[in-house]
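# Structure assessment
Each chain, letter by letter, is given below.
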Amino acid sequence: MFIYIIIALLVTLLAISYPRFDRDSKSLAYCLAFVGLFVFVGFRGANVDLDYRDVYIYFSNKVPDARYMFRDFPGFLNHLPPPELSFCVLVSLIKTFTLNVVPYVVFIYAFFSVMLKLKALRQLTQDEVFGFAVLVWFSNLFFLQEMTQMRAGLAASIFLLAIPSILEQNLKRYVLLILLATVIHRSAFIALPLYFLGTRSINFKFWVIAVIAVFVMAKMRIDMLSIILDYNVPILHHKLVIYQKIQGWTKFEVNLFNVIIILQFLAACVLYWKREVVLPRCPHLYFLIKVCMISVMAYYFFVRIPVFAFRLSDFLGCVTIILYPMLYYVLKPKEMGQLLVVGIAWCTMLLNLFHNNLMKPYYMCFFD
C-alpha cells in the first residue's frame, strides 16, 4: 500500500503549491498529473483491483472476435455478454490482433477517463482548489471508478464535463454528452433529467426532508424496489435484475450509517450554510448540492440491492470531487480550509485502503 501513500503525498503537495505556480508551471503540473495518474491506472496489474479478473477478463472471453461481428452483426449482438455494446465492440476489435485483450481495454479507458476528469476539474474549479479537487478524487472515486469500475469512471468524467452546459443553458450539448456517457455505461442515463434541476436556486429544506424520508423508509425496510421492477423501466430494470442476482450470490448488507454517505450529506449542508461565500467561486453550487443529495437518496432507496446502491450513488457522487474542495472557502484563515479538505481526503483514502480493502498491493501489468 506504500505506493498509494506516496502518490497521495505528491498530490497533496500539488494541491498546496498549485495556486502559487505561474502559468507555465501550472501547465507542466497539469501534464505531469495526467501522465502520472494515467500510467498508474492504465498499466496496473490484473490483481490490483476487484473487477479486472472477475468482470473484465470474464466478459472479454465471452465476446466474439471482429470477424464474426462484420460477417453477422445481428448474430454478434445475440451472443454478447451484459456489458455495453461500446465495450463489446472495443473488445471484439482488439481481438483481431491479440487474445490478451484486457490490458489494451484498460489502457484505452484509463487514457480517456483520466484526461476528461482532469479537464472537467479544471473547468469546474478555480486555481485555488484545483489541486485539492485532484486530491479528493484520488482519495475515493479514483479507486472506485478509474481503478475498478472503469466504464463508470469514464461515464462520470463525461457527466462532469457536461455540467457547465447547464449553467450556459445549452440543452443540446448536455444531452449529447450524457447520451455519449450512456453508451459507455448505462447508469449515466439517470443524469439526463438532471439538467432540469437548474443552477439558480435550491429549496434546501425540501432536499433535507427528502433525504431523511428515504433514510427512514430504508430503516423501516419499506419495499419500494418492487414497484420499480413491476413497471419495467427501460435500462434501469435490466441493471436492477442483474444486480439482484449478484446480491443473491454475495448476501452483502448495507450499513445505513455509512461514513462516506453521511460525509456527503454533511458537506452539502455546510456548503449551503456558507453559500454566500462559496457561490461566487462555484456558480454550479446549487446543482452540485442537489445531485449530491440525490446520490445520498439513491444509496438508501436501493438498499435492498447494495451493489447497485453503491454504484449508482458513486456515479452521482462524482460531484463530491468538486464539492469537498469548496470547503476550503468555509474556514479562515485559508490554512484551516486547506487542512480540512486534506484531512477529509486522507481519512477517506485510509478508510478505503485499510478498512474497505478496495485496493490490493500495486504492481504493473508487465509482471503479470
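Numbering of residues starts from 1 in every chain and runs along the sequence as written. With pLDDT at 70 or above as the cut-off, local features in this predicted model cover only qualifying residues; side-chain atom pairs require 80 or more to be listed or tallied, and sums for whole chains, interfaces and linings still use all residues. Each side-chain value is worked out from all heavy atoms of the structure, with water and hydrogens disregarded.

To continue, consider empty space enclosed by the protein. Of the grid points, spaced at 1 Å and generated over the protein atoms alone, those admitting a 1.4 Å probe that cannot get out make up cavities, while open sets with protein on both sides within 12 Å along at least five of seven lines make up pockets; any residue with an atom within 4 Å of a point is treated as lining. Grid points are joined across faces, edges and corners, and a volume is the space filled by probe spheres set on the points. Under the defined criterion, the tally for this structure stands at 3 cavities of 30 Å³ or more. Of the volumes computed, that of the largest cavity is approximately 60 Å³. Contributing to the lining of the largest cavity are Val136, Ser139, Asn140, Ile260, Leu263, Thr320, Tyr324, Ile344, Ala345 and Thr348. Secondary structure follows DSSP: runs of H or I at least 4 residues long count as helices, runs of E at least 2 residues long count as strands, and numbering of each begins at the N terminus. Every element with two or more residues in the lining of the largest cavity is listed here: helix H8 (127-139), helix H15 (259-273) and helix H20 (334-355). Top contributing element to the lining of the largest cavity by residue count: H20, with 3 residues. Gly is put with the polar residues, along with every residue not named as nonpolar or charged; the nonpolar set is Ala, Val, Leu, Ile, Met, Phe, Trp, Tyr, Cys and Pro, and the charged set is Asp, Glu, Lys and Arg. When the residues that make up the lining of the largest cavity are grouped by side-chain class, the tally is 6 nonpolar, 4 polar and no charged. Roughly 40 Å³ of internal volume is contained in the second largest cavity. Val41, Arg44, Val106, Tyr109, Ala110, Ser113, Glu146 and Met150 together form the lining of the second largest cavity. With 4 residues, the top contributor of residues to the lining of the second largest cavity is helix H7 (residues 102-124).

It is possible for side chains of opposite charge to pair when their charged atoms get near one another. Salt bridge, as used here: a side-chain nitrogen of Lys or Arg that lies within 4 Å of a carboxyl oxygen of Asp or Glu. For the coordinates displayed, the defined rule picks out 6 salt bridges. Ionic pairing is found between Lys26 and Asp127, a salt bridge with its closest N-O pair at 2.6 Å. With Lys26 in helix H2 (residues 23-42) and Asp127 in helix H8, the pair connects residues that are 101 residues apart, well separated along the chain. Exposed residues in this analysis have more than 50% of their type's maximum accessible area, buried residues have under 20%, and partly exposed residues fall in between, with area computed by a 1.4 Å probe over protein chains only. On the accessibility criterion, Lys26 (13% relative accessible area) is buried. With relative accessibility at 37%, the residue Asp127 sits in the partly exposed group. Among the salt bridges present, the one from Arg186 reaches Glu84, with a minimum N-O distance of 3.7 Å. Within this pair, whereas Arg186 is found in the loop between helix H11 (171-184) and helix H12 (204-219), its partner Glu84 is found in the loop between helix H5 (73-78) and helix H6 (85-94), the two being separated by 102 residues in sequence. The pair Arg186 / Glu84 is uniform in exposure class, with both members buried. A single salt-bridge network, built from bridges that share partners, covers Glu84, Arg151 and Arg186.

Turning to the packing of helix H3 (residues 52-60) against H7, a few remarks are in order. Helix axes are fitted to C-alpha atoms over the stretch in contact, other axes to C-alpha atoms as well, and angles between N-to-C directions run from 0 to 180 degrees. At a minimum axis distance of 10 Å, the contact between H3 and H7 shows a crossing angle of 110°. Relative to H7, H3 is oriented roughly perpendicular. As H3 packs across H7, the resulting crossing turns out to be right-handed. Contact residues: H3 offers Tyr52, Tyr56, Ile57 and Ser60, while H7 offers Val102, Pro103 and Val106. In terms of residue class, the contact of H3 with H7 is made up of 6 nonpolar, 1 polar and no charged. Angles below 35 degrees are treated as roughly parallel, those above 145 as roughly antiparallel, those between 65 and 115 as roughly perpendicular, and all remaining angles as oblique. Whether a crossing is left-handed or right-handed is set by the direction in which the near helix is turned from the far one by less than a right angle, anticlockwise for left-handed and clockwise for right-handed. It only takes one pair of heavy atoms within 4.5 Å for two residues to be counted as in contact.

Let us now look at the side chain of Gln149. Examined against the element boundaries, Gln149 turns out to sit in the loop between helix H9 (141-146) and helix H10 (150-167). A relative accessible area of 8% places Gln149 in the buried class.

Next up on the list: the packing of aromatic side chains. Between rings of Phe, Tyr and Trp, where Trp is taken as its six-membered ring, a pair exists when centres lie within 6.5 Å; planes separated by under 30 degrees are stacked, by over 60 edge-to-face, and by other angles tilted. A complete count under the given rule lists 35 aromatic pairs for this structure. Consider the rings of Phe38 and Phe43, whose centres lie 6.2 Å apart with planes at 65°: the pair is edge-to-face. Judged by relative accessible area, Phe38 falls into the buried class, the value being 10%. Between Phe40 and Phe142, the aromatic rings sit 6.3 Å apart at their centres with planes inclined by 25°, giving stacked as the arrangement.

Attention now goes to H20. Between the first and last C-alpha of H20 there are 31 Å, a value that for 22 residues agrees with the 32 Å anticipated at 1.5 Å per step. Residues of H20 that are buried include every one of Gly337, Gln338, Val341, Val342, Ile344, Ala345, Trp346, Thr348, Met349, Asn352 and Leu353, and no others. In this structure, the buried side of H20 is in contact with helix H1 (2-17), H8, H9 and H15. A helix's residues, less one, multiplied by 1.5 Å, set its expected span.

Further remarks concern the nonpolar core. Put simply, a nonpolar core is a bunch of buried Ala, Val, Leu, Ile, Met, Phe, Trp, Tyr and Cys residues held in one set by side-chain atoms that sit within 4.5 Å of each other. Core analysis: the largest hydrophobic core is formed by 134 residues, its most contacted members being Trp137, Phe143, Phe159 and Ile289. It is helix H17 (residues 285-301) that contributes the most residues to this core, 14 residues altogether. With residues near it in sequence (within four places) discarded, Phe159 still touches Tyr174, Ile178, Ala191, Leu194, Phe287, Val291, Phe315, Cys318 and Val319.

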